[in-house]
Amino acid sequence: MSAGDPSGAPPDPAWEQVHDSAEFRQLRGRLRRFVFPMAGLFLAWYLLYVLLADYAHGFMSTKITGNFTVGLLFGLLQFVSTFLITWLYVRYANKNLDPLAERIKDDIENPAKEGA
């Protein structure tokens, strides 16, 4: 019984073939090459923000203009970086992931075209 199939039916051999295929491994590799470094960068950036907020009160409370402080700027930049990462991922996926995923999907849905 597979974890993803509650009916207990054996997995479709076509899916096992897809999972073991070079194209699918390439797709997973491309995804990981983007996601892992980007997640690491974002977590490091967030950790820097938290550490500065906790241990560098003087720096984070430095006023930039009016009551707008460095801490507030860093907090707002967390949102900006989230949207930037999302935009970069969409661009990366459209260019590097989606065409390969579409090709894999076409091969599954139209196995007769594979040999042609």
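The shown structure was predicted, so the numbers you read here are calculated from the model rather than taken from an experiment.

Side note on helix α4 (residues 70-109)
Turning to step 1, where the next piece is worked out: Here α4 spans 54 Å end to end across 40 residues, near enough to the 58 Å set by a 1.5 Å rise per residue.
Turning to step 2, where the next piece is worked out: Restricting attention to buried positions, one finds in α4 the residues V70, G71, F74, G75, Q78, S81, Y92, A93, L97, L100 and I104.

Points about the UniProt feature "transmembrane region" (unreviewed entry) in the protein chain
Turning to step 1, where the next piece is worked out: Per the UniProt annotation, the sites labelled "transmembrane region" (unreviewed entry) are residues 34-56 and 68-90.
Turning to step 2, where the next piece is worked out: Secondary structure across residues 34-56 divides into 96% helix and 0% strand, with the first and last C-alpha atoms of the span separated by 32 Å.
Turning to step 3, where the next piece is worked out: For residues 68-90, helix accounts for 91% and strand for 9%, while the C-alpha atoms at its two ends are 32 Å apart.

Points about the side chain of S81
Turning to step 1, where the next piece is worked out: Relative to the elements of secondary structure, S81 occurs in helix α4.
Turning to step 2, where the next piece is worked out: The contact partners of S81, leaving out residues within four places of it in the chain, are F42 and W45.

Remarks on the packing of aromatic side chains
Turning to step 1, where the next piece is worked out: Taken as a whole, this structure holds five aromatic pairs when the rule is applied.
Turning to step 2, where the next piece is worked out: The interplanar angle of 20° and the centroid separation of 4.9 Å between the aromatic rings of F34 and Y92 together place this pair among those described as stacked. With a gap of 58 residues between them, F34 in helix α2 (residues 22-55) and Y92 in helix α4 connect regions that are remote in the sequence. Of the two residues, F34 and Y92, both sit in the buried class.

What to know about the pattern of salt bridges
Pairing is possible between side chains of opposite charge, provided their charged atoms come close.
Turning to step 1, where the next piece is worked out: If you walk through the whole model with that rule in mind, you get two salt bridges.
Turning to step 2, where the next piece is worked out: R103 is paired through a salt bridge with E23; the nearest N and O atoms lie 3.0 Å apart. With R103 in helix α4 and E23 in helix α2, this residue pair connects regions lying 80 residues apart in the sequence.
Turning to step 3, where the next piece is worked out: Taking relative accessible area as the criterion, R103 reaches 41% and is therefore assigned partly exposed.

A short note on the nonpolar core
Generally speaking, a soluble globular protein has its nonpolar side chains buried in company with each other.
Turning to step 1, where the next piece is worked out: By size, the foremost hydrophobic cluster in this structure holds nine residues: V18, L27, F34, M38, Y92, A93, L97, L100 and I104.
Turning to step 2, where the next piece is worked out: Elements with a contribution of two residues or more to this core: α2 and α4.
Turning to step 3, where the next piece is worked out: Looking at this core, the element that brings in the most residues is α4, giving five residues.
Turning to step 4, where the next piece is worked out: Aside from chain neighbours lying at most four places away, what touches M38 is I85 and L88.

Rules used throughout
Residues numbered from 1 in each chain as written. Predicted model: local features only at pLDDT ≥ 70, side-chain atom pairs only at ≥ 80, totals over all residues. Heavy atoms only, no water. Helix = DSSP H or I, 4+ residues; strand = E, 2+ residues; numbered from the N terminus. Expected span 1.5 Å × (residues − 1). Buried < 20%, exposed > 50% of the residue type's maximum accessible area, 1.4 Å probe, protein only. UniProt positions renumbered as here; feature names shortened; annotations may be inferred. Contact = heavy atoms within 4.5 Å. Phe/Tyr/Trp six-rings, centres within 6.5 Å; stacked < 30°, edge-to-face > 60°. Salt bridge = Lys/Arg side-chain N within 4 Å of Asp/Glu carboxyl O. Core = buried A, V, L, I, M, F, W, Y, C linked by side-chain atoms within 4.5 Å.

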